[in-house]
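Residue strings, one per chain:
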Amino acid sequence: MGDLYFEKELVRREKQKINERLDSEAFYLPAKDEMTPIVEYVYQYFDDILYDYYTKRFGNSKTYDEIYEMIGDFKAKLTNNKIIEAYNNHKFTQEERDFIKMTGISNTWRGIHDFRIRTTHATIDVLLRNIIIEEFGESELTIFREVMQDKSYETEKYRDTINHYLQLFSDKPFGENLSEEIEKNIETMGIYAANQKINCGGYALRIDTCVYPKYQENFSQSVSSILRRFPFVRLLGNKPLEDDEYLVFYRLREGENAGHHFVRVDSDSIVREKDGNSQPRTFENWGNLESCDEVVFAVKKEHQMFGYNSHDVNYDNQKDFDFEQSTINSIKERCNSFDYHNHVFRLKKSKDDEIFIVSEDGVIVADVVADDSECLVEVREEQRKYVENTSTFVKPIIKDGKLVNFAQFKKSRINDVELS
């Protein structure tokens, strides 16, 4: 699984959704024995074209009233009920289906772009052409084109109508290279949808939703929140990066102008980022987070990437603790040990009833003073880095979008580098 698998797969899934939506979009007209506005819109000024066609065909053998009666007879074939009947009986060609699909993708029909344009417009257009051919014969389309090329139609009023019917009566009624255009549009839409779906956190952690910080009391709680929400993430701390992990850097600014940002390091040592719903790019700088605290996460390459719900990820009501709160909660729960920032700590009591917190190696990291009303936790100064576990054994050096000391994060013996 390559570095870019997640974003490529996300785009593929979004494209699949678009295709499925288009394929399942049903043709709907209300059952009525009349032409409703959408049919009239597709029909446009065809009455005038039809009048000139009948005049050309029958000359002086038909009166004005007789011609308008013939026009009325033809329009009777275009009521909603007749269109629905024609739809149910018509076997759509691939070209016709592509034309309908293209309209749905682009919201563009006969050169008109409007978000109210739907596949229904194109479907009616296909059926209208078929009804005209059934009524007059395909060879008559040439006569219709001759009629429309008369200079009397060269006005603003008729421009869109004539362009519409000249295309509809041509040997390429639905345009050219439709399948290629569809693929190109779906690709564009898939990329757009994927970028809307994830922000910097979703991109860096490779999950299919945005990740927002839980603006809590302090940075430690926010780190705790990330570790709880994403079990495939750990603090790098003083352990080297494993072969099945990749690095993610995270910064958070708290207070009135709160903000946050995730960036990730791929196996080519390139640091990549995504700003909101924009396109992913090579990391440039931290901007207004330059002076903020930074934490380095190690993220499992293989983890659940899809099927997340933004609300479940970001808006659960579970409280996340800093070290002091974790200790107090452990005492309340009458539990002698607790996890904090990927370390296990234990509560110990001396013979003199003094309470200590010790690491897995038995080193005292904090002192606890507790009574019935209050609990104070004092982390020993020399143990603060160990307790928080946010300091790494090597400081990241990023230059021109590349983690130039990437290899040092992967050393099997951390004693080879100096703890920063």
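Everything below is about the structure printed above this text.
Everything numeric here is computed off the predicted structure, so don't read it as measured data.

Novice: Honestly, the side chain of Arg264 in this entry has me stumped. Any pointers?
Specialist: Tracing the sequence through the fold places Arg264 in strand β5 (residues 259-265). The exposure class of Arg264 is buried, given its relative accessible area of 0%. A distance of 3.1 Å separates a polar side-chain atom of Arg264 from the backbone oxygen of Tyr203. Setting aside anything within four residues of it in sequence, one finds Arg264 in contact with Asp3, Leu4, Glu7, Tyr203, Ala204, Arg206, Tyr246, Leu247, Val248, Ile270, Val271 and Arg272.

Novice: How should I be thinking about the packing of aromatic side chains in this particular structure?
Specialist: The description of an aromatic ring pair rests on the distance of the ring centres and on the angle between the ring planes. All chains considered together, the criterion is met by 34 aromatic pairs. Here the aromatic rings of Tyr51 and Tyr68 are separated by 5.5 Å at their centres, their planes lie at 40 degrees, and the arrangement is tilted. Taken as a pair, Tyr51 in helix α3 (residues 46-58) and Tyr68 in helix α4 (residues 64-75) lie far apart in primary sequence, 17 residues in all. Of the residues examined, Tyr51 reaches a relative accessible area of 23% and is grouped as partly exposed. The class for Tyr68 is partly exposed, based on a relative accessible area of 37%. Pairing Phe345 with Tyr386 gives two aromatic rings, centres 6.1 Å apart and planes at 85 degrees, and the pair type is edge-to-face. You can see Phe345 sitting in strand β10 (residues 343-349) and its partner Tyr386 sitting in helix α15 (residues 384-388), a full 41 residues away along the chain. For Tyr386, a relative accessible area of 23% translates into the label partly exposed. Cluster of aromatic residues (ring-pair linked, three or more members): Tyr43, Phe46, Tyr53, Tyr54, Phe58, Phe74, Phe136, Phe144, Tyr165 and Phe169. Directly above the aromatic system of Phe306 lies the positively charged group of Arg13, at a separation of 3.9 Å from the ring centroid. Above the plane of the ring of Phe58 lies Lys62, whose end atom (NZ or CZ) is 5.5 Å from the centre.

Novice: I'm lost on the packing of helix α7 (residues 119-136) against helix α9 (residues 159-168) in this one. Help?
Specialist: When two helices pack together, their arrangement is given by the angle between their axes and by how far apart the axes lie. Relative to each other, α7 and α9 sit at 65 degrees, their axes nearing to 11 Å. Considering their axes alone, α7 and α9 lie roughly perpendicular with respect to each other. Relative to α9, the crossing made by α7 is right-handed. Along its contact with α7, which presents Asp125, Leu128, Arg129 and Ile132, the element α9 presents His164, Tyr165 and Leu168. Here the residues of the contact of α7 with α9 sort into four nonpolar, one polar and two charged.

Novice: Whenever I open this one, the pairing of β10 confuses me. Can you help?
Specialist: A regular strand places its side chains on the two faces of the sheet in alternate fashion. Pairing between strand β9 (residues 337-340) and β10: four bridges, direction antiparallel. For Tyr340, the partnering residue across the bridge sits in β10 and is His343. Between β9 and β10, which pair antiparallel one after the other, the connecting turn spans two residues, and His341 there sits at a positive phi close to 50 degrees. In this sheet, strand β11 (residues 355-358) lies alongside β10 in antiparallel orientation, the contact comprising four bridges. When the sheet's bridge partners are listed, Lys348 is paired in β11 with Phe356. Hairpin geometry of β10 and β11 is characterised by an intervening segment of five residues between the two adjacent antiparallel strands and by a positive phi of about 65 degrees at Asp353.

Novice: Help me understand helix α8 (residues 141-148), please; the structure alone is not making it clear to me.
Specialist: An α-helix turns once per 3.6 residues; consequently, residues spaced three or four apart project the same way. Those residues of α8 that sit buried are Leu141, Ile143, Phe144, Val147 and Met148. One side of α8 carries all its buried residues, which in axial view fall inside an arc of 155 degrees. Where α8 is buried, its residues touch α3, α7 and α9.

Novice: Would you mind showing me how to read the side chain of Glu273 here?
Specialist: Secondary-structure assignment places Glu273 in strand β6 (residues 271-273). Looking at Glu273, its side chain comes within polar contact range of the main-chain nitrogen of Glu284, at 3.3 Å. Setting aside chain neighbours within four positions, we find Glu273 in contact with Tyr203, His261, Phe262, Val263, Pro280, Arg281, Thr282, Phe283, Glu284 and Asn285.

Novice: Would you mind going over the sheet that holds β9 with me for this structure?
Specialist: Whether parallel or antiparallel, the strands of a sheet pair through hydrogen bonds between backbone atoms. The strand order across the open sheet built from five strands is β9-β10-β11-β12-β13, with neighbouring strands paired in antiparallel fashion. Every other strand in the sheet has two partners, leaving β9 and β13 (375-379) as the edge strands with one partner each. Going across the sheet, the axis of each strand differs from the next one's by a mean of 25 degrees, ignoring polarity. Relative to β13, strand β12 (residues 364-370) is paired through five bridges, and the arrangement is antiparallel. What sits directly across from Ala366, in β13, is Val379. Set on the sheet, helix α14 (residues 323-332) makes contact with β9, β10, β11, β12 and β13; between it and β13 the angle comes to about 135 degrees.

What counts as what
Throughout this document, residue positions are counted from 1 along each chain, in the order its sequence is written. Thresholds applied to this predicted model are a pLDDT of at least 70 for local features of residues and 80 or more for the giving and counting of side-chain atom pairs; totals over whole chains, interfaces and linings are not thresholded and use all residues. Excluding hydrogens and water, the side-chain figures rest on all heavy atoms present in the structure. Under the DSSP-based scheme used, a helix requires at least four consecutive residues in state H or I and a strand at least two consecutive residues in state E, with every element numbered from the N terminus. Burial status follows relative accessibility: with a 1.4 Å probe on protein chains alone, a residue under 20% of its type maximum counts as buried, one over 50% as exposed, and anything between as partly exposed. In protein, a polar contact means a hydrogen-donor-capable atom and an acceptor-capable atom, both N or O and within 3.5 Å, with residues adjacent in sequence counting only if both atoms are side-chain atoms; elsewhere, any N or O pair within 3.5 Å suffices. The contact rule is simple, with two residues in contact once any of their heavy atoms fall within 4.5 Å. The rule is short: rings of Phe, Tyr and Trp, with Trp giving its six-membered ring, pair when the centres are within 6.5 Å, and they are stacked under 30 degrees, edge-to-face over 60, tilted in between. Charges are assigned to positions over rings by a cutoff of 6 Å between ring centre and Lys NZ or Arg CZ, combined with an angular limit of 35 degrees from the ring normal. Lines fitted to C-alpha atoms define the axes here, with helix axes fitted over just the stretch in contact, and angles between the N-to-C directions of these axes take values from 0 to 180 degrees. The labels follow the angle: roughly parallel below 35 degrees, roughly antiparallel above 145, roughly perpendicular from 65 to 115, and oblique for the rest. By definition, any crossing whose near helix is turned counterclockwise from its far helix by less than a right angle is left-handed, and any crossing with a clockwise turn is right-handed. Note that Gly is not counted as nonpolar here; it falls among the polar residues with everything else outside the nonpolar set of Ala, Val, Leu, Ile, Met, Phe, Trp, Tyr, Cys and Pro and the charged set of Asp, Glu, Lys and Arg. Two strands pair if DSSP finds at least two bridges between them. For this quantity, the arc is that covered by the directions from the helix axis to the C-beta atoms.

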